[in-house]
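Breakdown of the fold
One-letter residues, chain by chain:
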Amino acid sequence: MKKRIAIFGSTGSIGTQALEVIASNLDKFEVEILTAHSNDKLLVQQAKKFNPNAVVIVNESKYAAVKEALASTNVKVFAGENALEEAAVFDTYDMMVAAIVGFAGLKSTLKAIDSGKAVALANKETLVVAGDIVMQRAVEKRVPVIPVDSEHSAIFQCLIGETRNKIEKVILTASGGPFLGKKPNFLVNVKKEHALQHPNWNMGAKISVDSATLMNKGLEMIEARWLFNLQPEQIQVIVHPESIIHSMVQFEDGSIKAQMGLPDMKVPIQYALSFPQRIPNAFPRYDFTRSPGLHFEQPDIKTFRNLALAGNALHKGGNMPCVLNAANEIAVYGFLRNRIGFLDMMEMVERAMEKIPYIKEPSLEEYFESDAEARNFAASLIHI
Ligand code: NAD
Ligand code: MG
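Residues numbered from 1 in each chain as written. Chains lettered and ligands numbered in written order. Predicted model: local features only at pLDDT ≥ 70, side-chain atom pairs only at ≥ 80, totals over all residues. Heavy atoms only, no water.

1. A short note on the sheet that holds strand S9 (residues 235-239)
Spatially, 4 strands are ordered S9-S8-S10-S11 in an open sheet, and the strand pairing comes out mixed. Since the sheet does not close on itself, it has two edges, and those belong to S9 and strand S11 (256-260), each with one partner. Mean inter-strand twist for the sheet, computed between neighbouring axes without regard to direction, equals 20°. As paired strands, strand S8 (residues 167-174) and S9 are joined by 5 bridges and run parallel to one another. Residue Ile-171 lies in a different strand from S9, and its bridge partner there is Gln-236. Sheet contacts for helix H7 (residues 150-158): S8, strand S10 (245-251) and S11; angle to S10, the most-contacted strand, approximately 40°. (Pairing = 2+ DSSP bridges. Helix = DSSP H or I, 4+ residues; strand = E, 2+ residues; numbered from the N terminus. Axes fitted to C-alpha atoms, helices over the stretch in contact; angles between N-to-C directions. Contact = heavy atoms within 4.5 Å.)

Below, the structure written as structure tokens:
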């Protein structure tokens, strides 16, 4: 039986790479659902190639174009934000690849979990915003949440066969991003064109900016906390510019396991799709004899304050990670539109965390409220 896959966010960096993996393994996988926000042309092209049961275009003004382009096919076409949640509960698929970016991916991912679907999770913001609730529901429904994020895939792989063994700590590796070693006097002037040039990975715009500010690693600390049920003190971040070691787990005997390979998101994507099996591929291999060496250093959290702020949010818990995430989404949006500078992003996140009232154990509704409050507050700062 082929595994039936629903790709939410199929037109993005992760979504398109997931489709590449599927295209190379059509004996194992078939595509059931594809969703996109606005890129109707690519969505149509994907639908023609993979012939899914249904597609969702969130931007309703593109509905007619998609419908018409797929008129000669059997593909069902839905539009609008709510259609995402409706499609997430379809009983015609087995696994969701959650590859929507940002808070926008939360509701459909929760719906998938509630209806018992396995989730290959790329959308880290889902766990940053409401990780306690998401993971609790996954446990209740006995739904596997398999990380796609390369660091978390690495940790997940290091933990295979270790269920009875305690984790002493996890070591999340960070490339350092395009501005590794830079100081505020340089960063104050950088523009989105610089921030979007990542040395090792080719990713969507939001995560590229997050990698440049180190917010990405901050979000990943919080993601790791929920995926692996860790205490904040058990999570360490280390800069490793070559991105060969994708992350590590240290056990109680001091042994450290690492998962390694060339930086290529198709590897963790494929692993999440095929888990618990590994399937062969022809991707380039890492060669130790040609390695210029692996390097490690402390992250500069004075300059890249986002990492310190995320650490604070992680320790404080409650709605603080949600507030951090919401303010950051607005900040990145503002930066990508040249409305605010690089360092202003960190300032906005910090101010939102000071401003929005702390809630210790928020309900899902309270998470949504905190998200909206933090967004509104952060947006009000852009207008000043
Ligand atoms: P992207 O911007 O390339 O793609 C995002 C996808 O989500 C697109 O298909 C887009 O149509 C859809 N989308 C955007 N806004 C939406 C909305 N409001 N409603 C519904 N759909 C919407 O992003 P990406 O780089 O593929 O990242 C996706 C997620 O995976 C992010 O959470 C990111 O942090 C995570 N991730 C990405 C990478 C990577 O290498 N790109 C690595 C690890 C984790
Ligand atoms: Mg990552």
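After that view, the rundown keeps rolling.
2. Description of the sheet that holds strand S2 (residues 29-36)
Strand order in the open sheet formed by 7 strands is S4-S3-S2-S1-S5-S6-S7, with parallel pairing between adjacent strands. The open sheet has two edge strands, strand S4 (76-79) and strand S7 (145-147), and neither has a second partner. For this sheet the average axis-to-axis angle between neighbouring strands, irrespective of direction, equals 20°. Pairing geometry for strand S5 (residues 95-98) and strand S6 (residues 118-121), over 4 bridges, is parallel. Across the sheet, the residue bridging to Ala-98 is Leu-121, located in S6.

3. Observations regarding the pattern of salt bridges
A complete count under the given rule lists 18 salt bridges for this structure. Among the salt bridges present, the one from Lys-217 reaches Glu-151, with a minimum N-O distance of 2.7 Å. With a gap of 66 residues between them, Lys-217 in helix H11 (residues 215-227) and Glu-151 in helix H7 connect regions that are remote in the sequence. Across the pair, Glu-151 and Lys-217 agree in class, each one buried. Taking the shortest distance from any N to any O, the salt bridge between Asp-210 and Lys-206 comes out at 2.8 Å. (Salt bridge = Lys/Arg side-chain N within 4 Å of Asp/Glu carboxyl O. Buried < 20%, exposed > 50% of the residue type's maximum accessible area, 1.4 Å probe, protein only.)

4. A closer look at helix H1 (residues 13-23)
Residue pairs three or four apart in sequence face the same way in an α-helix, which turns once every 3.6 residues. Burial in H1 covers these residues: Ile-14, Gly-15, Gln-17, Ala-18, Leu-19, Val-21 and Ile-22. Along its buried surface, H1 packs onto strand S1 (3-8), S2, helix H2 (40-50), S5 and helix H12 (266-274).

5. A look at the layout of surface pockets
Its volume calculated, the second largest pocket comes out at about 480 Å³. Lining of the second largest pocket is provided by 24 residues; of these, Gln-259, Met-260, Val-267, Asn-281 and Arg-285 occupy positions nearest its centre. Secondary structure elements with two or more residues in the lining of the second largest pocket: H7, S11 and H12. Looking at the lining of the second largest pocket element by element, the count peaks at 5 residues for H12. Partitioned by chemical class, the residues of the lining of the second largest pocket number 12 nonpolar, 9 polar and 3 charged. (1 Å grid on protein atoms, 1.4 Å probe; cavity = no way out; pocket = protein on both sides within 12 Å on 5 of 7 lines; lining within 4 Å. Points joined across faces, edges and corners; volume = space filled by probe spheres on them. Nonpolar A, V, L, I, M, F, W, Y, C, P; charged D, E, K, R; others polar.)

6. A look at the pairing of S8
Taken across its 8 residues, S8 has 6 buried, putting it largely inside the fold. Pairing between S8 and S10: 4 bridges, direction antiparallel. Considered in S10, the bridge of Lys-169 is made with Gln-250.

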